[in-house]
Amino acid sequence: MTTAAPIGENQHGDVPHCTVRAEVAVPVDTAVGPVTARMATFTGLLDGREHLALVFGDDPGPAPLVRVHSECLTGDVFGSGRCDCGPQLHEALGLLAEHGGILLYLRQEGRGIGLYNKLDAYLLQDEGLDTFEANLRLNFEADARDYRVAAQMLGALGVGRIRLLTNNPDKAAQLTAGGIAVKETVGTGVFLRSSNRRYIEAKAQAGHRIVLTDVTPA
C-alpha cells in the first residue's frame, strides 16, 4: 500500500481545536494480512492523554468507516475472555484494512476508570455485580468515557462525516454533539462466550444494539 499524503489539520464541530502532532507509516498485521497504516498523534486533546489514530487507505473518502475503540489491555493484548474487546478490535482492523477507514484508539481503560480500578471492578463482578454496577460501587460513573476527544481527532484529520462501526448508541450521540455527522452506524459482531455472557448481557440491557446468540465455549 502506498503511503498517503500528510494528514490535514481541519477542525469540525463545537469541541476545541486540536492538531496532528506527528504521523508515521507502520506495518500492521490484520485478519486479511499485513497492511501499512498511518499512525497519528495529536496536540491539544481535551484530556491530555496519548490517544492514537490509525488511518487505513490512501483516501478515507467522504464518509469513511470509523471504529472508536477504548483501550482494554486485558482483552486487546492478553486475550481476556471476560469481555469482547479483543475480538472487536481484531474485527475492526480487518474491516479497515480491507475497505479503508480510521481506527481511533482511546486510552480510556475500564470505561474510563483505569486499569487498576477495572481489576477492582472485576472482583465486584465476581461477587455478582455487573460491569456497570461495579463501576458505580467504586464511586465512578457507570461509563465515564468521553468521546469528545474522538471528535477532536476526526476534526484534526479533516474528517467531518463518517460511518461508525459500533453497537453503542452513546458513541454516535457524543460524536454528533461534537460536530461529527454520523451518516450511519454499522454493527460489530457479537463475540459471545460462556466467560463473557454476563458482560455482554449487561451491555445489551444498557442499550447497546446486541442480539444474543448461541454461546461459544470459553
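Throughout this document, residue positions are counted from 1 along each chain, in the order its sequence is written. Local features are withheld for residues below a pLDDT of 70 in this predicted model, meaning they are given only at 70 or higher, and side-chain atom pairs are given and counted only at 80 or more; totals for whole chains, interfaces and linings count all residues. Remark: hydrogens and water are excluded; side-chain values derive from all non-hydrogen atoms of the structure.

Enquirer: How would you sum up the nonpolar core? Please name residues and give values.
Expert: Residues enter a nonpolar core if they are buried and are Ala, Val, Leu, Ile, Met, Phe, Trp, Tyr or Cys, with the set joined through side-chain atoms within 4.5 Å. Three exposure classes are used, based on accessible area relative to the maximum for each residue type with a 1.4 Å probe and protein chains only: buried under 20%, partly exposed in between, and exposed over 50%. Counting 27 residues, the largest nonpolar core has Phe42, Val68, Leu104, Leu154, Leu157 and Leu175 as its most contacted members. For this core, the element with the highest residue contribution is helix H6 (residues 148-156), accounting for 6 residues. In what follows, a contact means two residues having at least one pair of non-hydrogen atoms within 4.5 Å. If sequence neighbours within four positions are ignored, Leu104 has contacts with Leu52, Ala53, Val66, Arg67, Val68, His69, Ala150, Met153, Leu154 and Leu157. Within the second largest apolar cluster, 14 residues are counted, among which are Leu65, Leu89, Leu103 and Leu165. Each helix is a run of DSSP H or I of at least 4 residues and each strand a run of E of at least 2, with the numbering of both proceeding from the N terminus.

Enquirer: Describe the pairing of strand E1 (residues 19-28), listing the residues and the values that go with them.
Expert: Note: E1 against strand E2 (residues 35-43), 9 bridges, orientation antiparallel. Paired with Ala22 across the bridge in E2 is Thr41. Between the end of E1 and the start of E2, which pair antiparallel, lie 6 residues, with Gly33 showing a positive phi angle near 110 degrees. Being paired, for any two strands, means DSSP has found at least two bridges between them.

Enquirer: Which residues make up helix H8 (residues 197-205), and what values do they have?
Expert: The complete set of buried residues in H8 reads Tyr199, Ile200, Ala202 and Lys203. For H8, the buried positions fall inside an angular range of 155 degrees around the axis, keeping them on one side. Where H8 is buried, its residues touch helix H2 (85-99), helix H3 (109-112) and helix H5 (131-137). Immediately beyond the C-terminal end of H8, within one or two residues, lies Gly207, with a positive phi of roughly 110 degrees. This arc is built from the directions going out from the helix axis to the C-beta atoms.

Enquirer: Could you give an account of the environment of Tyr122, with specific residues and numbers?
Expert: Within the secondary structure, Tyr122 is located in helix H4 (residues 115-126). For Tyr122, a relative accessible area of 13% translates into the label buried. As for Tyr122 and Asn135, which are separated by 13 residues in sequence, their C-alpha atoms are 9.5 Å apart. Setting aside chain neighbours within four positions, we find Tyr122 in contact with Thr74, Ser80 and Arg82.

Enquirer: So what about the sheet that holds strand E5 (residues 101-106)? Which residues, and what values?
Expert: Pairing is mixed across the open sheet formed by 7 strands, whose spatial order is E1-E2-E3-E5-E4-E6-E7. Single-partner strands in this sheet number two, and they are E1 and strand E7 (181-186). Averaged over all neighbouring strand pairs, the angle between strand axes comes to 25 degrees, with direction disregarded. Where strand E6 (residues 161-165) lies against E7, 5 bridges are found, and the strand directions are parallel. When the sheet's bridge partners are listed, Arg163 is paired in E7 with Glu184. Every axis in this analysis is a line fitted to C-alpha atoms, fitted for helices over the stretch in contact. Angles between the N-to-C directions lie between 0 and 180 degrees. Against the sheet, H6 engages E1, E2, strand E3 (52-56), strand E4 (65-70), E5 and E6, with an angle of about 140 degrees to E5.

Enquirer: For the layout of surface pockets, give the residues involved together with the corresponding values.
Expert: Roughly 160 Å³ of volume is contained in the largest pocket. Using protein atoms alone on a 1 Å grid, points that fit a 1.4 Å probe yet trap it form a cavity, whereas open point sets bounded by protein on both sides within 12 Å along at least five of seven lines form a pocket; residues with an atom within 4 Å of a point count as lining. Forming the boundary of the largest pocket are Val28, Met39, Leu52, Leu54, Asp76, Val77, Leu89, His90, Leu93, Leu103 and Tyr105. When residues of the lining of the largest pocket are traced back to their parent elements, those giving at least two are E3, helix H1 (73-77), H2 and E5. Residue contributions to the lining of the largest pocket peak at 3 residues, all from H2. Gly is put with the polar residues, along with every residue not named as nonpolar or charged; the nonpolar set is Ala, Val, Leu, Ile, Met, Phe, Trp, Tyr, Cys and Pro, and the charged set is Asp, Glu, Lys and Arg. When its residues are assigned to classes, the lining of the largest pocket shows 9 nonpolar, 1 polar and 1 charged. Grid points are joined across faces, edges and corners, and a volume is the space filled by probe spheres set on the points.

Enquirer: Explain the confidence of the model for the chain to me, using residue names and the numbers behind them.
Expert: A residue's pLDDT is the predictor's confidence in that residue, given on a scale from 0 to 100. Here the chain shows a mean pLDDT of 89. Residues at 70 or above account for 92%. Across the chain, the element-wise mean pLDDT spans from 89 in H8 up to 98 in E5. The model gives residues 1-13 a pLDDT under 50, and that stretch makes 45 contacts with residues more than four places away or in other chains.

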